[in-house]
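Architecture at a glance
Chain by chain, the residues:
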Amino acid sequence: MSDEWGFDTAQVHAGAAPDAATNARATPIYATSSFVYESADQAAASFLLEDLDSYAYSRMGNPTTSVAEQRIARLEGGVKAVATASGQAATALSLLNLLRSGDHVVAATEVYGGTTNLLGQRFAEIGIGLTTVPVGDLDAWRAAIRPGTRAFFTESVGNPTGIVADLEAIAAIAHEDADVPLIVDNTLATPYLLRPLEHGADVVVHSTTKFLSGHGTAIGGAIVDGATFDFGSRPERWPGFTTPDVGHGEGGYWERFSPSRQAYSRRLRSTVLRDYGPAPSPFNSFLLIQGLETLSLRMRQHVANAQAIVEHLLAHPQVERVHYPTLPGTPWEATARRLLPRGGGAIVSFDIVGGQEAGRRFVDALGLFSHLANIGDVRSLVIHPASTTNSSQTPAQRGAAGIGEGLIRLSIGIEDAADLTADLDRAFSAVRGS
Ligand SMILES: *Cc1c(COP(=O)(O)O)cnc(C)c1O
């Protein structure tokens, strides 16, 4: 039945049922570190990955977290999802499940700053190479492939300039030229606006901290596997999947779990999540479930408000330029029309007349918008990247990333659009008057 549900039904029901022990209708918070084995045989089967249905220890799985995982997998159209303690952990684990020292990743230049730090600095420290390429330059993706390349990584919709990745084209290069999986960070779009697995991605990662939760109360992440990548065709390239794992019984993950389409997700849970350890708290999983239930309602309001703000800004004399994924005239216009028929999401950026000084004064003058580094909250948020998130770069480096000195990034919330435009106008006049 759940396979046929529409998005709005699945976001409320997928993965959940009245609690087997109490008939509680909402998903309870299973605040327990561990679960009692039924017998010595069942305990042994659990360690050998022969019993995959029982819970053992909340670092590897928890019933509250499992509901969130099943629901996110269903909304993304994936086979399985694994939840993590943060979006950063989701990105790290999605790649560490594939890579070992000496391997290499090709990633879009425009990805989230935390991803750049992880791939460019932390992974370099453990011998994993990185080449970054402008997301829209398909020849650069192709040219970046090396013999050791084992993953492609991009965001579906980028931040703060609203760039949209041509997922089909990048997936074709990943699969045909490099023979590696494509991992897509879908945090900004959410599965309501775009499902990367339907456009060639093999794995999707999320910072659930943002729109999937929406309330801005819980850090979290998720990795969704579409089970589309064939780790068996060139077994020598994927020893983690094709050779047995210490303590987990006979056979590699590919041999044992590809028939049930769980090779990647099972290895993820039973090795990298187990051993690096960034499991989510069941309390945070409960909060994530509360957010997921209203995702489509919030996204519809985010998009409607963002469009109203975009139009307002386009007509404003103190605005040099507006950045939004679905605006006409961008290099990715045709891609956005194809991938984002429901709209471009909630992140709107613009260049204010007057550069860095005007940008700082504008942010100080806003009242309803909260000045902070997060996105994807029901509340409207603002930041001036040149003086905050990107202040360690030179103006030239910022310029290369599309971040002008007067760029203001807005994460449009679900308030009344008229109250948001009034707040923006108040700040514009404060900048003008000073
Ligand atoms: C916030 C964010 C992350 C990191 O997620 P955390 O939950 O903050 O660890 C990764 N990717 C994107 C696109 C983000 O916006």
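Preceding this paragraph is the structure being described.
Here is what the cut-offs are and how they apply
Residues numbered from 1 in each chain as written. Predicted model: local features only at pLDDT ≥ 70, side-chain atom pairs only at ≥ 80, totals over all residues. Heavy atoms only, no water. Pairing = 2+ DSSP bridges. Helix = DSSP H or I, 4+ residues; strand = E, 2+ residues; numbered from the N terminus. Axes fitted to C-alpha atoms, helices over the stretch in contact; angles between N-to-C directions. Buried < 20%, exposed > 50% of the residue type's maximum accessible area, 1.4 Å probe, protein only. Polar contact = N/O pair within 3.5 Å; in protein donor to acceptor, adjacent residues only side chain to side chain. Contact = heavy atoms within 4.5 Å. 1 Å grid on protein atoms, 1.4 Å probe; cavity = no way out; pocket = protein on both sides within 12 Å on 5 of 7 lines; lining within 4 Å. Points joined across faces, edges and corners; volume = space filled by probe spheres on them. Salt bridge = Lys/Arg side-chain N within 4 Å of Asp/Glu carboxyl O. Arc of directions from axis to C-beta. Right-handed = clockwise from strand over helix to strand, strands pointing away.

**Overview of the sheet that holds strand β3 (residues 129-133)**
Strands pair in a sheet through their backbones, by hydrogen bonds, and they do so in one of two ways: parallel or antiparallel. Reading across the sheet, the seven strands line up as β1-β7-β6-β5-β4-β2-β3 and stay open at both edges, with mixed pairing between neighbours. Since the sheet does not close on itself, it has two edges, and those belong to β1 (80-84) and β3, each with one partner. For this sheet, the mean inter-axis angle between neighbouring strands, taken without regard to orientation, is 20°.

**Considerations on the side chain of T209**
Following the sequence through the fold, T209 ends up in the loop between β6 (203-207) and β7 (221-225). Overall, the relative accessible area of 8% leaves T209 in the buried class. There is a polar contact of 3.0 Å between the side chain of T209 and the backbone nitrogen of G220. With sequence-adjacent residues up to four places away left out, T209 is seen in contact with A218, I219, G220 and N374.

**A look at the side chain of R269**
Checked against the element boundaries, R269 lands in helix α11 (residues 263-276). Looking at R269, the relative accessible area reads 13%, which means it is buried. In this structure the side chain of R269 is engaged in a polar contact, spanning 2.9 Å, whose partner is the backbone oxygen of M60. When neighbours within four sequence positions are excluded, R269 is seen to be in contact with M60, G61, E69, A81, V82 and R274.

**Concerning empty space enclosed by the protein**
Scanning all chains against the criterion turns up five cavities of 30 Å³ or more. Roughly 70 Å³ of internal volume is contained in the largest cavity. Lining the largest cavity, in full, are A83, T84, T208, S213, A218, I219, G220, G221, P280, N284, S285 and L288. Only β1 and α12 (282-292) provide two or more residues apiece to the lining of the largest cavity. Broken down by element, the residue count for the lining of the largest cavity peaks at three residues, all from α12.

**Re the pattern of salt bridges**
Taken as a whole and judged by the stated rule, the model has 16 salt bridges. Of the charged contacts, one joins E69 and R269 as a salt bridge, the two residues approaching to 3.0 Å between their closest N and O atoms. Of the two residues, E69 sits in helix α3 (residues 63-76) while R269 sits in helix α11, which places them 200 residues apart along the sequence. Notably, a salt bridge pairs D377 with R379, separated by 3.0 Å at the nearest N-O pair. D377 sits in the buried class, given a relative accessible area of 6%. Salt bridges sharing common partners tie together D139, R142 and D177.

**Structural notes on helix α15 (residues 355-365)**
Think of an α-helix as 3.6 residues a turn; residues three or four steps apart then line up on the same face. Here α15 has its buried residues at A358, G359, F362 and V363. An end-on view of α15 places all buried positions within 135° of arc, on one side of the element.

**Describing the pairing of β3**
By the bridge criterion, five bridges tie strand β2 (residues 104-108) to β3 in an arrangement that is parallel. Following the sheet pairing, A108 is matched in β3 by V133. With respect to chirality, the unit in which β2 leads through helix α5 (residues 113-125) into the neighbouring parallel β3 is right-handed.

**Some points on the sheet that holds strand β8 (residues 319-323)**
A sheet is described by the order of its strands in space; here five strands give the open sequence β8-β9-β12-β11-β10, paired in mixed fashion. At either margin of the open sheet sits one strand with a lone partner, and together these are β8 and β10 (370-371). In the sheet, β10 pairs with strand β11 (residues 381-383) via two bridges, with the strands oriented parallel. The residue bridging S370 from the neighbouring strand is L381, located in β11.

So yeah, pure geometry; function would need other evidence.
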